[in-house]
2 protein chains.
Amino acid sequence: MKITSRQNCPIRRATSVLSDQWSFLIIREFFLEGKRRRFQDLQSELGLSPNTLSNRLKRLEQQGVIERQIYSDHPPRAEYVLTSKGNALAPIMNALYDWGTEYPDTNGEDRNG
Amino acid sequence: MKITSRQNCPIRRATSVLSDQWSFLIIREFFLEGKRRRFQDLQSELGLSPNTLSNRLKRLEQQGVIERQIYSDHPPRAEYVLTSKGNALAPIMNALYDWGTEYPDTNGEDRNG
DNA sequence: CGGTATCCCTATTGATACTG
DNA sequence: CAGTATCAATAGGGATACCG
């Protein structure tokens, strides 16, 4: 890692996308549960309210991490998939996984999920 | 990555520590600027208010990621260093760095720093 | 220098109800 | 099913002043 400038730092850019809990946890679901996730899947898996999930998904879509595919069926069906940019998060998720495995003792408060 | 349970997931544990922007960016400073960081160094480098920095440092210390060393000099001197647990974050930071380098185009709003 | 104490603003989140 | 609308609670964070 050869960071030379704090301005425009790659880590900063990365964490500006992954700035909050939900973004990480939503992306985790794609690696955990499968390539294609539906709105209600994510909601029940993560236990968040629909408006929060909607906001996070919109942001992630804007950032090019996930892609939304909507089918006008009845009932309607929406599927979210990782883009190549989203799939490229795998090393980060793996690194987080490894670290969380090696140091399981965080006194961080736990939520449902 | 073989996640079997959403409960007690290592990624969840990791992100509960690295839940916010500042934690990542504070830790980044240790890898960027050096092993030992002082309060004022971090504050001027990151451009945050002292109370916010104080809160983040306390939490990171509680979580065992950094260690606080206080010297009762005049003027007083405090130094923060990464613990082994904190140093073990290097792969995560590297992965974030790589991803942020490969995908520099996030429309995430930028701050100072 | 290394913080703490206030005050205040904003974003995030949950809860709930509702729509196409 | 896949969201949107609304209201309320909370935490994160900035600005500023102050203390040992």
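Quick note: structure is the one above.
What comes next concerns the included structure.

Parameters at a glance
Residue positions are given per chain, counted from 1 along the sequence in the order it is written. Think of it this way: whatever chain is written first is A, whatever ligand is written first is 1, and the rest follow in order. Only residues with pLDDT of at least 70 get local features here, since the model is predicted, and only at 80 or more are side-chain atom pairs given and counted; chain-wide, interface and lining totals rely on the full set of residues. Side-chain figures throughout are based on the complete set of non-hydrogen atoms in the structure, without hydrogens or water. Starting at the N terminus, helices and strands are each numbered in turn, a helix being any DSSP run of H or I of at least four residues and a strand any DSSP run of E of at least two. We call two N or O atoms a polar contact when they sit within 3.5 Å, provided that within protein one can donate a hydrogen and the other can accept it, with sequence-adjacent residues counted only if both atoms are side-chain atoms. Here, two residues are considered to be in contact whenever any of their heavy atoms come within 4.5 Å of each other. By convention in these notes, a salt bridge is any Lys or Arg side-chain nitrogen within 4 Å of a carboxyl oxygen on Asp or Glu. Each residue's exposure class comes from its accessible area (1.4 Å probe, protein chains only) as a fraction of the maximum for that residue type: buried when under 20%, exposed when over 50%, partly exposed otherwise. If even one non-hydrogen atom of a residue comes within 4 Å of a molecule or strand, that residue is called near it. For this classification, Asp, Glu, Lys and Arg are treated as charged, while Ala, Val, Leu, Ile, Met, Phe, Trp, Tyr, Cys and Pro are nonpolar and the rest, including Gly, are polar.

It is worth spelling out the side chain of Gln69(A) at this point. Residue and element names in this part refer to chain A. Note on placement: Gln69 falls in strand β2 (residues 66-71). At a separation of 2.2 Å, a polar atom in the side chain of Gln69 contacts the side chain of Arg36. Discounting residues that sit within four places of it in the chain, Gln69 has contacts with Arg36, Arg77, Ala78, Glu79 and Val81.

Residues and elements named next belong to chain A. Enumeration according to the criterion identifies 10 salt bridges over all chains in this entry. Here Arg28 and Glu29 are joined by a salt bridge, their closest N and O atoms 3.3 Å apart. Of the residues examined, Arg28 reaches a relative accessible area of 0% and is grouped as buried. Looking at Glu29, the relative accessible area reads 0%, which means it is buried. A salt bridge links Glu79 to Arg36; the nearest nitrogen and oxygen atoms lie 2.6 Å apart. Separated by 43 residues along the polypeptide, Glu79 in strand β3 (residues 77-82) and Arg36 in strand β1 (residues 36-38) bring together distant segments of the chain. Within the structure, one salt-bridge network assembled from shared partners comprises Arg36, Arg77 and Glu79.

Moving on: the protein's contact with DNA strand C. The environment of DNA strand C is made up of 23 residues, and the closest members are Asn51(A), Arg59(A), Ser54(B), Arg68(B) and Tyr80(B). Expressed as a percentage, the sugar and phosphate content of the atoms of DNA strand C within 4 Å of the protein is 74%. Contacts to DNA strand C include Asn51(B), whose side-chain N or O atom sits 2.8 Å from a base oxygen. Separating a phosphate oxygen of DNA strand C from a side-chain N or O atom of Tyr80(B) is a distance of 2.7 Å. The set of elements that each furnish at least two residues to the surface near DNA strand C consists of α4 (50-62) of chain A together with α3 (39-46), α4 (50-62) and β3 (77-82) of chain B. Among the residues forming the surface near DNA strand C, the class breakdown is 9 nonpolar, 6 polar and 8 charged.

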